[in-house]
Amino acid sequence: MSVTSLLAFVLCLNLPATLARVTLKSNGYEGLVIGINEEVEESEELITKIEEMMTKASQYLYNATNQRAFFRQINILIPKGWSRRPEYLNRRGESYGQDCNRQQSETEADIRIDIPDVLMGHGPYTFQFGQCGVQGDFIHFTPEFILDDELQNYFGARERVLVHEWGHYWWGLFDEYGVEEKFYISSMGKLELIRCNLDIAWNMESCRKDTETGLPDEHCYFAYDNVQTSTSSVMSQQYLPSIVKFCDKTSHNTEAPNLQNRFCNHQSTWDVMMKSEDFKNDTNSPVTVTSTLPTFIYLYSSKPVFCLVLDTSASMKKENRLQRLRQAVEAYIMQMQYGDKIGIVTFNSIPHIQSDLVEIRNKNSRVKLLSRLPTTAERGTVICSGIQLALKVVSQDDGQTRGDELVLMTDGKDERISMCFKAVKKSGVVIHTIALGSSADKNLEKLSTITNGRRFFASDKVESNSVIDSFISSASKREEVKLKPIQLESAGMQLGMNDWLNGTVYVDRTVGTNTEFVVSWRNQKPPNIRITNPNGTHYGIHDFVVDESFKTARLQLQGRREVGAWHYAVHNADTSEDQVSITVTSHSWDSSIVPITVVAHMDGEKNSWPQPMIAYARVMQKYRPVIGANVLAKIEDEHGSVVSLQLLDNGAGADLLKDDGIYTRYFTNFSKTGRHNLKVFVKGEEGSSKISLRRGFGSEFIPSKEKDGVRRNISSAPVFTSTGDFSRTQSGESFIISIPPGAPTDIFPPNRIIDLNASEQKIGLVELTWTAPGDNADSGQASRYRLKVSTTMPELLDASAKSIITEEDMEGNLDSPSPAGHFERILLNISKDESLPEVMYFAMWAYDETNLESEMSNMARVYPASISKAEVNFAARDEGTVIVPKLEKDKIPLKIIVSIAFGCFILACILVGLTLACVFCKRKSSTVV
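This section reports on the structure supplied with the text. Per chain, residue numbering runs from 1 following the sequence as it is written. Two thresholds apply to this predicted model, a pLDDT of at least 70 for residue-level local features and 80 or more for giving and counting side-chain atom pairs, whereas whole-chain, interface and lining totals are computed over all residues. To get the side-chain values, take all heavy atoms of the structure and skip hydrogens and water.

### Things to note about the overall build of the protein chain
Threshold: A run of H or I in DSSP counts as a helix once it spans at least four residues, and a run of E counts as a strand once it spans at least two, with each numbered from the N terminus. The buried label applies to any residue whose accessible area, calculated with a 1.4 Å probe on protein chains only, is under 20% of its type's maximum; exposed applies above 50%, and partly exposed to all values in between. The contact rule is simple, with two residues in contact once any of their heavy atoms fall within 4.5 Å. Accessible surface is estimated by sampling points in the Shrake-Rupley manner with a 1.4 Å probe; for residues, cover comes only from the protein chains shown.
On a plain count of helices and strands, the protein chain comes out with 16 helices and 51 strands. Looking at the protein chain residue by residue over its 929 residues, the buried ones come to 57%. When contacts within the protein chain are restricted to residue pairs at least 6 apart in sequence, those whose partners lie at least 24 apart make up 75%. As displayed, the protein chain offers around 39,000 Å² of accessible surface, 51% of which is attributable to carbon and sulfur atoms.

### Considerations on the packing of helix 2 (residues 44-64) against helix 5 (residues 158-171)
Put simply, the test is: Every axis in this analysis is a line fitted to C-alpha atoms, fitted for helices over the stretch in contact. Angles between the N-to-C directions lie between 0 and 180 degrees. Just so you know how the angles are binned, under 35 degrees is roughly parallel, over 145 roughly antiparallel, 65 to 115 roughly perpendicular, and the rest oblique. Crossing handedness: left-handed means the near helix sits turned counterclockwise from the far one by under a right angle, and right-handed means the same turn made clockwise. Each residue gets one of three labels, nonpolar for Ala, Val, Leu, Ile, Met, Phe, Trp, Tyr, Cys and Pro, charged for Asp, Glu, Lys and Arg, and polar for the others, Gly among them.
For the pair helix 2 and helix 5, the least separation of the axes is 8 Å and the interaxial angle reads 70°. It follows that helix 2 is roughly perpendicular to helix 5 by the angle criterion. Taken as a pair, helix 2 and helix 5 cross one another with a handedness that is right-handed. Only Arg158, Glu159, Arg160, Leu162, Val163, Trp166 and Trp171 of helix 5 make contact with helix 2, whose side of the interface consists of Lys49, Glu52, Met53, Met54, Lys56, Ala57, Tyr60 and Leu61. Each residue belonging to the contact of helix 2 with helix 5 can be placed in one class, and the counts come to nine nonpolar, no polar and six charged.

### Points about the state of the cysteines
By definition, a disulfide links the sulfur atoms of two cysteines through a covalent bond. The condition that has to hold: Disulfides are defined as pairs of cysteine sulfur atoms found within 2.5 Å of each other.
Across all of its chains, the model carries four disulfides by this definition. Across the disulfide from cysteine 132 sits cysteine 264; the S-S distance is 2.1 Å. Taking the sign of the S-S torsion, about 105° here, the bridge from cysteine 132 to cysteine 264 comes out right-handed. Taken together, the residues span a long stretch of sequence, with cysteine 132 in the loop between strand 8 (125-127) and strand 9 (138-141) and cysteine 264 in the loop between helix 6 (259-263) and helix 7 (269-274) at a distance of 132 residues. Each sulfur of the disulfide joining cysteine 207 and cysteine 220 lies 2.0 Å from the other. On the sign convention where negative is left-handed, the bridge of cysteine 207 and cysteine 220, at about 65° about the S-S bond, is right-handed. Residue cysteine 207 is located in strand 13 (residues 207-208), and its partner cysteine 220 is located in the loop between strand 13 and strand 14 (222-224); the two are separated by 13 residues in the primary sequence. Here cysteine 220 falls in the buried class, since its relative accessible area comes to 8%.

### Quick word on the sheet that holds strand 44 (residues 765-771)
Spelled out, the test is: When DSSP finds at least two bridges between two strands, those strands are taken to pair.
Strand order across the open sheet formed by four strands is 43-44-47-46, with antiparallel pairing between neighbours. Edge positions in the open sheet fall to strand 43 (757-762) and strand 46 (810-811), since each of these has one partner strand only. Alignment of strand 46 against strand 47 (residues 823-829), held across two bridges, turns out to be antiparallel. Bridge assignment links methionine 810 to a residue of strand 47, and that residue is leucine 828.

Structure representation (structure tokens):
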């Protein structure tokens, strides 16, 4: 046996039995996936550098967590375009992942190596969208960041940067350095740099003052002292050699106006970490290990094969389910890519192989598969029998099932479903489940969970078009975003005689190739169809390919089509009512242009009573956010009831950052226990929606390089690009709402205010602004507000301390909140006393009609007009006002001492010169007399 074969054999023995997902076992992280994008050029050096980074990061993490965690086992996903080596194993569901899209699949890469966006440079960052303590999406590095050692001079050593980003990604921590602001005035009246640990020494050159804030302006430079004694914090200045820990209660600076304090309610990063599943209840307590060296497993991105596992039991005769299943599978097969291999298995009480694996090569191969779809439904439901037969089908290509994918749809119950869980887990197959109707087995989703597949729920309501959407979404896990179809529209309607289904769909500049309109119906007679393109050209039923067997009509428009508004009209000319749906898809028109994509999901598989859930829609062009879009989410339960939510990207409520392309809203309408599905409709308009720069959370750019002007030269391109008119429709995975028996109906207080802002309008007058919360989280209208004003942070956080400002000093009413999402504003008179405080802190609470209280808002502050004159001296110069920080006796820089000494010398010379001049003048006067 060769060395490489022996290595592959050993790796197989050590490979975890379950799919790769990050878990912390006995203090070691296992299952971490590092994915390399297909567009990255093959490089052996890149693999070597990744291993080097992770090896050093493992030791650094072990020290930073006080011996609680290190990286034990790491999977590196090799692109399928790279040369395959004997030691590479077939992946098992692990994937690089779609752009900004984990879709809650834990096998998509945790760390992604990808080429940079032209506007972003090579800066490392984490795509993080959740609340404090919630896991992020992924960590992003560029190949240049991994390969170019020079970039460590700008961001710090790679292993330190990685652990900083791991804090964002895995524990839901936030940056402790200043992002938009760099400085603040402390409650002691001292000018401070925003940082967690006040023991970190820094210095600042003479800077101009911002006349509105009284702080150094945006052009002010600072630097950290070369010699530091502080050991924290990793989430701030991890590049400093002395930094080896996270901030804890003893070192955490609660006053700093940074994102960690804002989003985590002034908790230290260590406190948040200790509440995670990794460490709570003394899990993974400190332990001494002999080695933190990781084991690396190399996975090859081989192409999976697919098998449809379809229920044909008697219950599929109800609600036209079998016909809708056939129409959905037809749409799925027509969108399969060339080279894909797919088989079909049906099951009731007896399983059948309807088709062995067929490779998609041409139209005939698709027709062959479609001819094998079931037309009858009978008997009972035995789900495991269908799965077991499907495993045999997917093994036909190479004898293995690892990484192959099953799409399982059923509407039935099967008490024996758990009997195949062990075999499924061992097989390595990925199973996507589609629960059809309210009676589908309640344990169905466990098949998705244990195999890291996706889960969907399809109702019998024709308006939702959810059966077709579920099949299309199950195939949307493709990594090649430029190749997969983009869903522009999905709509359905119950049409009476002579009724119309009308709508408008937009083909934008990022799509337009191979555009398809697919109409399906129930009756024998097809409806009348009319499609009108932006130029006024009409397409009728005679332009469609009609399949009377499937009751579908397909208009395939090859090549690039007209950009703009396409109008559709579907007319029921039959004498009886009909169920009609339409789906519109298109592809990227140019290989160099990534289309605008939408990802929809909830923040979990099920609710955690009594907490609200959050609906997310990420609208992106690769990593760049699309802002200003109109995003509507519809959540449907098992009984067909639909709740509509307008998702917002406003930096308030559930939304962390404004204009980051992540649109969110709390979901609080928990009316019934059971499955729910999520569908998102996105519209963009010319002039309103734009493609922006990425806004995310990443490692700080080293200030000394900022001074050199390096960072300011990175993003010199325009910030915004208009999207034009566009439309997208996307379904998310299903989730379960569980309501305890006898639970109260009003359980949700108003959401926490996270965008409270204070600004001084003039001396003694402060303006407070914020976004109104709702009665239930961010829906409805709160009943009242409570405002607290203090001159110190401890007073603000002390529940027994009273506010120093009363309603008599306000211009505005705290007892009449606006509806959720509206802009709120009040004015405060803080000049009652002759002496104004140096700093004032503000916090706010909201209450609903039953007096449920929100969490305390973020802290806002102002520095009144008399601010810190004893600490900050102002010197007028021709070029502007300059701030010179007060210097401590033992920290006076040598250059300032020299400057003062030189100034004193010049002044002495002037005085001596004047004295000699006076003496000379007196002598001359005496001589004249």
